[in-house]
Amino acid sequence: MGNILAGKKGIIFGALDNQSIAWKVAERCVEEGAQIVLTNAPVAMRMGEINKLAEKCKAPVIPADATSLEDMENLFQKSMEHFGGKVDFVLHSIGMSVNVRKGKAYTDLNYDWMQKTFDVSAISFHKMMQTMWKLDAINDWGSILGLSYIAAQRVFPDYSEMAESKSLLESFARSFGYHFGDAKNVRVNTISQSPTMTTAGQGVKGFTEFFSYADKMSPLGNAPAEDCANYCVTLFSDLTRYVTMQNLYHDGGFSNMGMNPRLLED
Ligand SMILES: NC(=O)c1ccc[n+]([C@@H]2O[C@H](COP(=O)([O-])OP(=O)(O)OC[C@H]3O[C@@H](n4cnc5c(N)ncnc54)[C@H](O)[C@@H]3O)[C@@H](O)[C@H]2O)c1
C-alpha cells in the first residue's frame, strides 16, 4: 500500500467491532500514513472492542455521544490538543433506528423514538459539522464524510424510518458542504454503501435475504466493507480535492440496475 494520507490527522466515529465499516476505515487510514483519534458512544465503549483497534492504530479513544453538543465539543477540543492542531478529515459512521430495533411497523411508528433515530443517525452529522465550524477545527482543503444508503432515494420497506434519516443526512452534506466549501475549501460528501454484514446492517429485518438479492442485482456484487474503506481513503486524500456536496454510490452498480437476469435464473 502507499502513503497517500501521510501527515494527515483524522477522527473516526462509529467503530464498534471488527465488522464495522468504521473499523476498516480506521485500519486503512493508518496504513496510509494518517494519525487518527477514535470515538464512539460511551455505551459502545463498555464492550471494550474499540481498545483493540486503538492499540493497533496507536490512537487515543475519546468517548462522545454524537447527540450531545457538550460531548462533541470535548471530542474536538481534546483531539486538537492531541494532534497539536486542527484535523484534516472526519468520518461519521453512525446509524441506529429505535423503531426498527423495537420491531415497530412503518405504519405505526412511535414519534418520540423517531426523533431519537433522526438525532442519532442524521442530526448528529450536523452537530458534528457545526461544532467543527464553531471551533474552527478543520484545516483548509479538509474532507468530511458520512455513510448513507440508497433507501434515501428508493423504497426499501424494512429500512423504515432509516430511509428518512439517510435523506436528511445527505441533505446536510449538501447544505453544510456549501458553507464549508465557500469558507475553507473543505469538502463534504456521503458514500452510499452496499448492504454490509455489520451490527447496524443485520438489525434490519430480512437482512440476509436482502443482502443476497442486492449481491445478485449488482454486476460487481455487493461492495465489501474493506473496499468502502479504500474509497473513504481516496476521499480523505488530496486526489479528490474538488469532489464535494455529492452522494457517491459505492454499490457495485446496484443503483443503476433495473433487472439482472441472474435473479430470474434462481
Ligand atoms: N451495514 C450496512 O448494510 C450499511 C449500508 C449502508 C450504509 N451503512 C451505514 O454505515 C454506517 C456504519 O454502520 P455499520 O454498518 O458499520 O454498523 P455498526 O453497527 O458497526 O456501526 C454503527 C455505529 O453507530 C454508533 N452509534 C450509535 N449511536 C451512537 C451515538 N449516540 N453516538 C455515537 N455513536 C453512536 C454505534 O456505537 C456503532 O459503532 C451507518 O451510518 C450505517 O447506516 C451501513
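Residues numbered from 1 in each chain as written. Predicted model: local features only at pLDDT ≥ 70, side-chain atom pairs only at ≥ 80, totals over all residues.

Novice: Where do I start with the overall build of the chain in this structure?
Specialist: Along the backbone of the chain there are 11 helices and six strands. By the compact-globule yardstick of 18 Å for 266 residues, the chain fits well, its C-alpha radius of gyration being 18 Å. Taken along the three principal axes of its C-alpha coordinates, the chain extends 55 × 40 × 40 Å. Here the chain holds 266 residues, and 44% of them are scored as buried. (Helix = DSSP H or I, 4+ residues; strand = E, 2+ residues; numbered from the N terminus. Rg over C-alpha atoms; globule rule 2.2 N^0.38 Å. Buried ≥ 20, exposed ≤ 12 C-beta atoms within 10 Å, placed from the backbone.)

Novice: Would you take a moment to explain the site of the ligand for this structure?
Specialist: Lining the immediate surroundings of the ligand are 26 residues, of which S20, G95, T198, A200 and G201 lie closest. For the shell around the ligand, the secondary-structure elements that each account for two or more residues are α1 (21–31), β4 (138–148) and α8 (199–202). Broken down by element, the residue count for the shell around the ligand peaks at three residues, all from α8. Across the shell around the ligand, the residue classes break down as 13 nonpolar, 12 polar and one charged. (Near = placed C-beta within 6 Å. Nonpolar A, V, L, I, M, F, W, Y, C, P; charged D, E, K, R; others polar.)

Novice: Honestly, the pairing of strand β2 (residues 35–39) in this entry has me stumped. Any pointers?
Specialist: Of all five residues in β2, four are buried; the element is thus mostly enclosed. Of the strand pairs in this sheet, strand β1 (residues 9–13) and β2 are connected by five bridges, and their pairing is parallel. Counterpart to K9 in the pairing with β2 is Q35. For the crossover that starts at β1, traverses α1 and ends in the parallel β2, the hand is right-handed. (Pairing = 2+ DSSP bridges. Right-handed = clockwise from strand over helix to strand, strands pointing away.)

Novice: Honestly, the nonpolar core in this entry has me stumped. Any pointers?
Specialist: Soluble globular proteins tend to pack their nonpolar side chains together in the buried interior. Ranked by internal contacts, the top residues of the largest apolar core, which has 58 residues, are I12, A26, I36 and C232. With seven residues, helix α10 (residues 225–236) is the single largest residue contributor to this core. Sequence-distant contacts of I36, that is, excluding residues within four places in its chain, are made with G10, I11, I12, A26, C29, V30, C57 and A59. Listed in part, the 12 residues of the second largest apolar core include V100, I150, Y159 and F254. (Core = buried A, V, L, I, M, F, W, Y, C linked by C-beta atoms within 7 Å. Contact = placed C-beta atoms within 7 Å.)

Novice: What am I meant to see in the packing of α1 against α10 here?
Specialist: Between two packed helices, both the angle of their axes relative to each other and the distance between the axes serve to describe the pair. Relative orientation of the contacting elements α1 and α10 amounts to 55°, with a least axis distance of 8 Å. Here α1 is positioned oblique relative to α10, judged by the angle of their axes. Seen from above, α1 lies across α10 with right-handed handedness. In contact with I21, K24, V25, R28 and C29 of α1, α10 contributes A225, E226, C228, A229, N230, C232, V233 and F236. Among the residues making up the contact of α1 with α10, the classes are represented as nine nonpolar, one polar and three charged. (Axes fitted to C-alpha atoms, helices over the stretch in contact; angles between N-to-C directions. Parallel < 35°, antiparallel > 145°, perpendicular 65-115°, else oblique. Left-handed = near helix turned anticlockwise from the far one by under 90°.)

Novice: Even after reading the chapter, I still don't get the packing of helix α4 (residues 69–83) against helix α6 (residues 111–135), so can you show me in this structure?
Specialist: Direction vectors running N to C along α4 and α6 enclose 50°, while the axes themselves pass 10 Å from each other. Compared by their axis directions, α4 and α6 come out oblique. Note that α4 runs across α6; the crossing there is right-handed. Of α6, the residues touching α4 (which contributes L69, M72, E73, F76 and Q77) are K127, M128, T131, M132 and L135.

Novice: I would appreciate a short explanation of α10 in the present structure.
Specialist: One full turn of an α-helix is made of 3.6 residues, so residues set three or four places apart face in the same direction. Here α10 spans 16 Å end to end across 12 residues, near enough to the 16 Å set by a 1.5 Å rise per residue. Every buried residue of α10 is accounted for by A225, C228, A229, C232, V233, L235 and F236. For α10, the buried positions fall inside an angular range of 165° around the axis, keeping them on one side. Lining the buried residues of α10 we find β1, α1, β3 (87–92), β4, β5 (187–193) and β6 (247–250). (Expected span 1.5 Å × (residues − 1). Arc of directions from axis to C-beta.)

Novice: What's the story with α6 in this structure? I'm lost.
Specialist: At I123, α6 shows its strongest bend, of approximately 50°. Considered for burial, the residues of α6 that qualify are T117, S121, A122, S124, F125, K127, M128, M129, T131 and M132. Here the buried face of α6 lies against α4, β3, α5 (98–101), β4 and α7 (162–184). (Bend = angle between axes of the 7 residues up to and from the residue.)

By themselves, these are just geometric observations and shouldn't be taken as functional.
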